[in-house]
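If you want the building blocks of each chain, they are given just below.
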Protein chains: 2
Amino acid sequence: MDVNLIYLAIMTGLLAIIGAVTIAIWLAGRSSGPKKIQEISKEIQKGAVTFLNKEYEVLIIFVVVIMMILMIGETHYGKIEQYSWIAFGMGALLSALAGNIGMRVATMANGKTTYAAERSLMHGLQTAFSSGAIMGLTVSGLGLLGVATMFLLVGESHIEALYAFGFGASSIALFARLGGGIYTKAADVGADLVGKIEAGIPEDDPRNPAGIADNVGDNVGDVAGMGADLFESYVDAIIAAMALGAAMAVVKARQPFTPEDDDMLVRLMGDVSITGDQAMILPLLLTSVGILSSIVGILAVYGLKGGKSPRTALLSGTVVGAIMMGLLSIPVITMYIGEFVSELYIALMAGLLAGMAIGFSTDYFTSEERSPTKHIAKSATTGAGTVIISGFAVGLLSTAIPVVVICIAILISFEVAGLYGIALAAMGMLSTLGVTLAIDTYGPVADNAQGIAEMAGRGKVARQRTEELDAVGNTTAAIGKGFAIGSAALAALALYSTFQSVSGIDHIDLAEANVTVGLFLGALMPFIFSAMAMNSVGKAAMSIVDEVRRQFREIPGLMEGKAKPDTERCVAIATKSSLREMVLPTIIVIVMPLAIGYWSLEALGGFLAGSLVSGLLLAIFMSNAGGAWDNAKKYVEAGNLGGKGSDAHKAAVVGDTVGDPLKDTAGPSLNILIKLMSIVALVFLPFFV
Amino acid sequence: MDVNLIYLAIMTGLLAIIGAVTIAIWLAGRSSGPKKIQEISKEIQKGAVTFLNKEYEVLIIFVVVIMMILMIGETHYGKIEQYSWIAFGMGALLSALAGNIGMRVATMANGKTTYAAERSLMHGLQTAFSSGAIMGLTVSGLGLLGVATMFLLVGESHIEALYAFGFGASSIALFARLGGGIYTKAADVGADLVGKIEAGIPEDDPRNPAGIADNVGDNVGDVAGMGADLFESYVDAIIAAMALGAAMAVVKARQPFTPEDDDMLVRLMGDVSITGDQAMILPLLLTSVGILSSIVGILAVYGLKGGKSPRTALLSGTVVGAIMMGLLSIPVITMYIGEFVSELYIALMAGLLAGMAIGFSTDYFTSEERSPTKHIAKSATTGAGTVIISGFAVGLLSTAIPVVVICIAILISFEVAGLYGIALAAMGMLSTLGVTLAIDTYGPVADNAQGIAEMAGRGKVARQRTEELDAVGNTTAAIGKGFAIGSAALAALALYSTFQSVSGIDHIDLAEANVTVGLFLGALMPFIFSAMAMNSVGKAAMSIVDEVRRQFREIPGLMEGKAKPDTERCVAIATKSSLREMVLPTIIVIVMPLAIGYWSLEALGGFLAGSLVSGLLLAIFMSNAGGAWDNAKKYVEAGNLGGKGSDAHKAAVVGDTVGDPLKDTAGPSLNILIKLMSIVALVFLPFFV
């Protein structure tokens, strides 16, 4: 195996991080604006750090316990792959690091964005996008760096230890997505219910004790959560491809080589004929190409600043990144393999194009400029009931294109390059993560910048411009959510392919009762998990509501603006209750695949397939219905159908309220659920065989 | 084969019908009350007949087209089993007949119930229950009669023709559930939106032009729809068991008998050793036992009239029926096989008990006396948004028990008696349909009786008593819905087992890309189908709204009560638009499995499994969320949390509005979807092999 190429991947990972640092230095040099902006920005940052620190207190225990379990499983039972516990720790550490950096940068950039927008729209755009670019490059850089380094450390013979790296990343992602999702909606509901409705003060009013917690929540959920989610998908796809390469090497080396081995080889790789080493290294090289393409995409956004609308500038980044990936991977495949293996390229591109198609489908179903959302807004004129029904139907219908697109990607990639092809498709979809995540992260920063403009009482220009930036962010955020779900599904499918090939069971036959039962139980998991997440939001929100009411009642002069609210306490309560609420779902998600696997390995195969398919459908439904309700409300607020304060607006607000926990808590957590259960199955597989 | 036993089954079927006729004669002799009640009752009956006649106009074309396709498939391509077209026609005819009789009886009984309730609560109960008993006995009698007669006609060698009998029943069920579901909710929304909200007149006011259509709708959806749905499940379960018996006979007769044949035999029957003839006849005998048990259960309801509450009287019918089935099937199995084959009995009982467990789970999650619904009602105090969120979460969570119960039933029945065991479990769940359907049908009749008491302006006693009867009906209706979903799932699973064994494919391997793609696409179907159904309700409702508005505007003196509304026109419009709206979903449901099967038989296996699992989960979710919202509203209306007219009540009404199309249109239609796609796959299977 050519170790130099692994070093090359590590260097590319470092290059991405250097790029991130460069942008961070530039960003740090931007003015933080007047004192009032700085104060609020600091408070949000402090709240975010408070959340992260509290989260780490719980996380560290969780991580240490799992590491010990893995270590005991290795040394005592000989069932867990060597180095797994280190890999787990490393995966958790890097994911947490990426999230931490992303959060700090985003909360630093929001005030700067407000101030920059006062000077010009493009300055604001650049500032917000810079924090996104830092996040995108950090996540993809640390992802590649981590996987490549771990691979160097454990070597080909212990490649199964890489699953634990993914497991570590998964755990952090669950904390960020589920815990963060509960936090953000609890704070939001708490702030709105008492502040806006009971006390009658406007949104983002500085007198609202939960206002800061609400803004912290945007960063916790949309920045740290999205980052950790995609970090996990990113490394899972690479790991799955490498593991399948290793599995192929084992089959190829068999002596004597039976016809069954040949069948297995076709299932693993289709008609592609490359060596096992090549199959293991190629994912690292293609990921490196993806990082370079992302950097070009990011530069394109900066370059296009003159004369273009913010929306065009951002979307062109995605397109340029994808085109670069399409172009650069041709010579890289050709040079490395010695000839252009079109099958590998086709699989990669199938995923890349599928990701874009899912993004555009999401945009269609949730954008306020398209008919589905306009239809929901129109149904607001006949009351809240019809808003919910029409949004519900739009959400259900919106599952069609993503599922069909994923099916096409599966068929093409499997046809050309077997299970390895499916993993390549997942990698293809995620390859340009550096730039796609940059654009995703832009959204919450722009959202916060708008909130700060409000809270700091900035002038009309600042408000108008930050609102415009925020509107663009809504579109890109919706696309990002669709992309996150699609890539989670493909990454989980890649892990599932790995599970199929390394579990040693010849088939997961739906004609067997235990597989069918596994399928039913697996499909049930996302339903129960979502129900728990939604109930948790309700409970956590109630503790915020109580606290905000208490402050309005007990702090003299608060309503008159003479005294300051105790925002820190709200942050602390939201943090504590969100972390408490995620304990039970986490245990269920980890224990269920273990219990099913212990009972029957075939049932586990059905279980994972069931959770994948129902998780994907529910996640798309929830995310798109939520996005469409959100934008239908915005559409009415923009002055249509009676505008703000009309009956239609009140009805549309109900839709938005319903959509919030669906699109920001339950839906995104399902991305983690489907990957986490697959990776748990892989890590603990030797116990079941 | 002992043909006498088939005659015995036919006799039992006839016995059930004689029982139904006896009760009908008794019911016809009951007073129809004063003229006003008779008038309204007649109008509802006329509306129901109008719907049925219009439906038949479309149906007859549909049925003839399919019969021709089957005939061409048989004679021209030699791919469709002989006699299939006759069986299809017979299945459609008997299902339509059962629905027609049930509707006519129910609409005849509602006015009589109102009048009987004025005399005493128990008289009212008996009258309403009698119409249910007629429905229950007719459906189960015609079901057994039809299957047994067809079997006698086509013989063992053409047993596959029975699938077409199920297909015929399925088609009618789809028209009744989907078309009926769209009709009932469109009429309901139309009546409420213009009548209650715009014109400000109370519910069931005689001035409302859509009032009759609304009452017709209850019968169309809840009587004809429920009846056709369960008729289908009932015959599907019997047919699946008989077909598996025939498959076993073929395997047993193989010369030479290979180890693979032995494996196949174990998969088909477990360790049960009975002859193929016995396996084919036993389902008919056990169904006969079920009919006798149901008759005893029905008599128990009449017998318990003194001193017991209506709820206890009704529920004891189910319990007595189940106990009788448990007792009587022991000697029947023993006498027929020659020894007591406990495996067969265990499989049967697993289904019977699972059905009851699902019923009780449904009751728990939707009854206004239990905490989930009370919790939803409480969340109404913080607005419509929280009502929807908490109901959504309750609905998601409520999927757990039914799915786990079905899994246990699958595992037990498969363990003891293979795929045949699963079919027996489905039969066990449905065996006492005579009495369970009687209790289900009681609900809508009591509901109508209450509406008539209102419209006819009867005294306080009549209103109070019919309301009490209606409240009991709500509980039993919820239990009935859960039972309908559970039995549809088990019946579909039995058909799926048949598909597995007769398709000749050795496995439906999730490790193959086309099976995975099939699974994804299958799971997608219920989502798209539900979305279409919900949109259809919206469109059909709008045409009613326009018509009601027109009548209020154009008929002079209508609001003052001086002129009569043109209720017939509303019925005609609701009928026409509901039938128009169901064309596209019907085509999709029939064409999709054909397309997938044409592409790949393995993919079809995945497709059916996917649609079954996601259809089951969505159906339970929709049905229970809808039921819980409905009862949460009723809980508030009973004077809790501020009672009628409070803000909490307004919020609870939104929940009810949202729940309606879920629980009465989309959810129940999914029962048909999962069965219909399986049966289409079976009928057209020879084209794909």
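Because the structure is a prediction, the values reported are computed rather than measured.

### Re the overall build of chain A
Secondary structure summary: chain A contains 21 helices and zero strands in total. By the compact-globule yardstick of 26 Å for 689 residues, chain A fits well, its C-alpha radius of gyration being 24 Å. Projecting the C-alpha coordinates of chain A onto the three principal axes gives extents of approximately 85 × 50 × 45 Å. Residue burial in chain A is summarised as follows: out of 689 residues, 67% are buried. Across chain A, every contact between residues at least 6 apart in sequence was considered, and the portion connecting residues at least 24 apart equals 84%.

### So, a nonpolar patch on the surface
All names here are of chain A. Together, Ile60, Ile61, Val64, Val65, Met68, Ile69, Ile72, Tyr77 and Phe687 line one region of the surface with nonpolar side chains, adding up to about 820 Å² of accessible area. Broken down by element, the nonpolar patch gets its largest block of residues, seven residues, from helix α2 (residues 35-75). By the element assignment, Val65 lies in helix α2. The class of Val65 is partly exposed, set by a relative accessible area of 41%.

### Here's the deal with the nonpolar core
Ranked by internal contacts, the top residues of the largest apolar core, which has 530 residues, are Phe129(A), Phe167(A), Leu284(A), Phe499(A), Phe129(B), Leu284(B) and Phe499(B). When neighbours within four sequence positions are excluded, Leu284(B) is seen to be in contact with Ile6(B), Ala9(B), Leu144(B), Val147(B), Ala148(B), Phe151(B), Ile238(B) and Met242(B).

### Things to note about the confidence of the model for chain A
In this model, chain A carries a mean pLDDT of 91, and residues with pLDDT of at least 70 account for 99%. This complex was scored by the predictor with a pTM of 0.95 and an ipTM of 0.95.

### Focus on the packing of aromatic side chains
The final tally for this structure, using the stated rule, is 25 aromatic pairs over all chains. A ring pair is formed by Tyr77(B) and Phe687(B), whose centres lie 6.0 Å apart and whose planes are at 65 degrees; its orientation type is edge-to-face. A residue pair is termed long-range when its members are at least 10 positions apart, and Tyr77(B) in the loop between α2 (35-75) and α3 (84-119) and Phe687(B) in helix α21 (residues 685-688) qualify at 610 residues. Seen in terms of ring centroids, Phe167(B) and Phe684(B) are 6.3 Å apart; in terms of plane orientation they differ by 80 degrees. Their pairing is edge-to-face. A residue pair is termed long-range when its members are at least 10 positions apart, and Phe167(B) in helix α5 (residues 161-198) and Phe684(B) in the loop between α20 (647-683) and α21 qualify at 517 residues. An identical accessibility class is assigned to Phe167(B) and Phe684(B); each is buried. Connected via pairs of aromatic rings, a cluster forms that spans Tyr77(A), Phe88(A), Phe167(A), Phe684(A) and Phe687(A).

### Points about the pattern of salt bridges
Residues and elements named next belong to chain A. For the structure on display, the rule yields 52 salt bridges over all chains. Here Asp630 makes a salt bridge to Lys634, at a shortest N to O gap of 3.2 Å. One end of the pair is Asp630 and the other is Lys634, both in helix α19 (residues 601-637) and four residues apart, which spans about a single turn. Classification of Asp630 by relative accessible area gives buried; the value is 12%.

### Focus on the relation of the copies chain B and chain A
Two chain copies here: they are related by a rotation about an axis and a translation along the same axis. Between chain B and chain A, the superposition needs a rotation of 180 degrees and an axial shift of 0.0 Å, giving an RMSD of 0.0 Å. The superposition of one copy onto the other is thereby described by a two-fold rotation axis. Using C-alpha coordinates, one finds that chain B approaches the rotation axis most closely at Asp509(B), a distance of 2.3 Å. A share of 100% of the interface residues of chain B reappears at the interface of chain A, consistent with the copies meeting face to face through the same patch.

### Some words on the interface of chain B and chain A
In this assembly, 60 residues from chain B lie in contact with 60 residues from chain A. Interface area, chain B with chain A, both sides summed: about 5300 Å², of which 87% is carbon and sulfur. Considering only the side of chain B, the residues that lose the most area to chain A are Leu510(B), Phe520(B) and Phe527(B), jointly responsible for 14% of the buried surface there. Our count for the contact surface shared by chain B and chain A stands at eight residue pairs in polar contact (both at pLDDT 80 or more). Within the residue set of the side of chain B that touches chain A, elements represented by two or more residues are α12 (384-397), α13 (400-430), α15 (460-503), α16 (513-554), α19 (601-637) and α20 of chain B. Counting residues per element, the side of chain B that touches chain A draws most heavily on α16(B), which supplies 16 residues. In terms of residue class, the side of chain B that touches chain A is made up of 45 nonpolar, twelve polar and three charged.

### A closer look at the layout of surface pockets
All names here are of chain B. Each pocket or cavity is described by its volume, and for the second largest pocket that value is around 750 Å³. Lining the second largest pocket are 36 residues, and of these Met264, Gln500, Ser501, Val502 and Gly504 lie nearest its centre. Mapped onto the lining of the second largest pocket, the elements with two or more residues apiece are α6 (211-252), α7 (259-269), α15, α20 and α21.

### Quick look at the environment of Gly132(B)
All names here are of chain B. Inspection of the secondary structure puts Gly132 in helix α4 (residues 121-154). Taking relative accessible area as the criterion, Gly132 reaches 0% and is therefore assigned buried. A sequence separation of 30 residues divides Gly132 from Leu162, and the C-alpha atoms of the two residues are 28 Å apart. Sequence-distant contacts of Gly132, defined by excluding residues within four places in its chain, comprise Leu437, Ala438, Thr441 and Tyr442.

### Re the side chain of Glu74(B)
All names here are of chain B. Mapped onto the elements of the fold, Glu74 is located in helix α2. Here Glu74 is buried and forms no salt bridge, its nearest opposite-charge partner Lys79 lying at an N-O distance of 15 Å. Ignoring anything within four residues of it in the chain, the contact list for Glu74 reads Lys79, Ile80, Glu81, Gln82, Tyr83, Ser84 and Trp85.

### Some remarks on unusual backbone geometry
With the exception of glycine, most residues fall at negative phi, and the peptide bonds are largely trans. A cis geometry characterises the amide bond from Gln255(A) onward to Pro256(A), with omega recorded as -5 degrees. Relative to the elements of secondary structure, Pro256(A) occurs in the loop between α6 (211-252) and α7 (259-269). The backbone of Leu641(B) shows a phi angle near 50 degrees, a positive value even though the residue is not glycine.

### Considering helix α8 (residues 276-303) of chain A
Residues and elements named next belong to chain A. With 28 residues, α8 extends 41 Å between its outermost C-alpha atoms, agreeing within 8% with the 40 Å of an ideal straight helix rising 1.5 Å per residue. When the local axis directions of α8 are compared, the greatest deviation, roughly 30 degrees, occurs at Leu282, which is followed within four positions by the proline Pro283. Counting buried positions over the 28 residues of α8 gives 22, a clear majority of the element.

### So, α15(B)
Residues and elements named next belong to chain B. Relative to the 64 Å expected for 44 residues at 1.5 Å per residue, α15 spans 62 Å between its end C-alpha atoms, a close match to the ideal helical length. Of all 44 residues making up α15, 34 are buried, and the element is well covered by its neighbours. Looking one or two places after α15, you find Gly504, whose phi comes out positive at around 80 degrees.

### Let's talk about the environment of Ala116(B)
Residue and element names in this part refer to chain B. Positionally, Ala116 belongs in helix α3. Of the residues examined, Ala116 reaches a relative accessible area of 3% and is grouped as buried. Each C-alpha atom, one on Ala116 and one on Ser31, is 7.8 Å from the other, the two residues being 85 residues apart in sequence. Non-local contacts of Ala116, meaning those with residues more than four positions away in its chain, are made with Arg30, His123, Gly124 and Thr127.

### What to know about the packing of helix α14 (residues 433-455) of chain B against α15(B)
Residue and element names in this part refer to chain B. Two numbers describe how α14 lies on α15: the axes approach to 7 Å, and their chain directions differ by 145 degrees. Here the hand of the crossing between α14 and α15 comes out left-handed. Along its contact with α14, which presents Leu433, Thr436, Ile439, Asp440, Tyr442, Gly443, Ala446, Asp447, Ala449, Gln450, Ala453 and Glu454, the element α15 presents Ala462, Arg463, Thr466, Glu467, Leu469, Asp470, Val472, Gly473, Thr476, Gly480 and Phe483. Each residue belonging to the contact of α14 with α15 can be placed in one class, and the counts come to ten nonpolar, seven polar and six charged.

What counts as what
- Residue indices follow the written sequence of each chain, beginning from 1 at its first position.
- Think of it this way: whatever chain is written first is A, whatever ligand is written first is 1, and the rest follow in order.
- Where totals are concerned, whole chains, interfaces and linings use all residues; where local detail is concerned, this predicted model gives features only for residues with pLDDT of at least 70, and gives and counts side-chain atom pairs only at 80 or more.
- The basis for every side-chain value is the complete set of non-hydrogen atoms in the structure, without hydrogens or water.
- Segments assigned H or I by DSSP are reported as helices when at least four residues long, segments assigned E as strands when at least two residues long, and all are numbered from the N terminus.
- Using C-alpha atoms as the atom set, the radius of gyration is obtained and then compared with a globule rule of 2.2 Å times the number of residues to the power 0.38.
- We call a residue buried when its accessible area falls under 20% of the maximum for its residue type, exposed when it is over 50%, and partly exposed in between, using a 1.4 Å probe and counting protein chains only.
- Here, two residues are considered to be in contact whenever any of their heavy atoms come within 4.5 Å of each other.
- Patches in this entry comprise residues that are over 30% relatively accessible and not in a salt bridge; like charges within 9 Å are linked, as are nonpolar side chains (Val, Leu, Ile, Met, Phe, Trp, Tyr) within 5 Å.
- For accessible areas, the Shrake-Rupley method is used with a probe of radius 1.4 Å. Any residue's cover is judged against the shown protein chains and nothing else.
- Here, a salt bridge means any Lys or Arg side-chain nitrogen found within 4 Å of an Asp or Glu carboxyl oxygen.
- Throughout this description, the term nonpolar core refers to a set of buried Ala, Val, Leu, Ile, Met, Phe, Trp, Tyr and Cys residues connected via side-chain atoms within 4.5 Å.
- You can read pLDDT as the predictor saying how much it trusts each residue, on a scale of 0 to 100.
- Paired rings are identified among Phe, Tyr and Trp, the last through its six-membered ring, by centres lying within 6.5 Å, and are further divided according to the angle between planes into stacked (under 30 degrees), edge-to-face (over 60) and tilted (the rest).
- Copy-to-copy superposition: least squares on the C-alpha atoms, limited to residues that have pLDDT of at least 70 in both copies.
- Buried area, as used here, totals the accessible surface that two parts lose on assembly, with accessibility defined by a 1.4 Å probe and the loss added over both.
- Here a polar contact is taken to be a pair of N or O atoms separated by no more than 3.5 Å, where protein atoms must pair a possible hydrogen donor with a possible acceptor and residues adjacent in sequence count only if both atoms sit in side chains.
- Each residue is assigned to one of three groups, with Ala, Val, Leu, Ile, Met, Phe, Trp, Tyr, Cys and Pro labelled nonpolar, Asp, Glu, Lys and Arg labelled charged, and all others, Gly among them, labelled polar.
- Here a cavity denotes grid points, spaced 1 Å and computed from the protein atoms alone, that fit a 1.4 Å probe unable to get out, and a pocket denotes an open set having protein on both sides within 12 Å along at least 5 of 7 lines; residues with an atom within 4 Å of a point are the lining.
- Grid points are joined across faces, edges and corners, and a volume is the space filled by probe spheres set on the points.
- All tallies of charge rest on Lys and Arg as positive and Asp and Glu as negative; His and the ends of each chain are not included.
- Residue count minus one, scaled by 1.5 Å, sets the expected span of a helix.
- Fitting one axis to the seven residues ending at a residue and another to the seven starting there, the bend at that residue is the angle between the two axes.
- Angles shown run from 0 to 180 degrees and are taken between the N-to-C directions of axes, each axis being a line fitted to C-alpha atoms and, for helices, limited to the stretch in contact.
- Left-handed describes a crossing in which the near helix is turned anticlockwise from the far one by less than a right angle; the clockwise case is right-handed.

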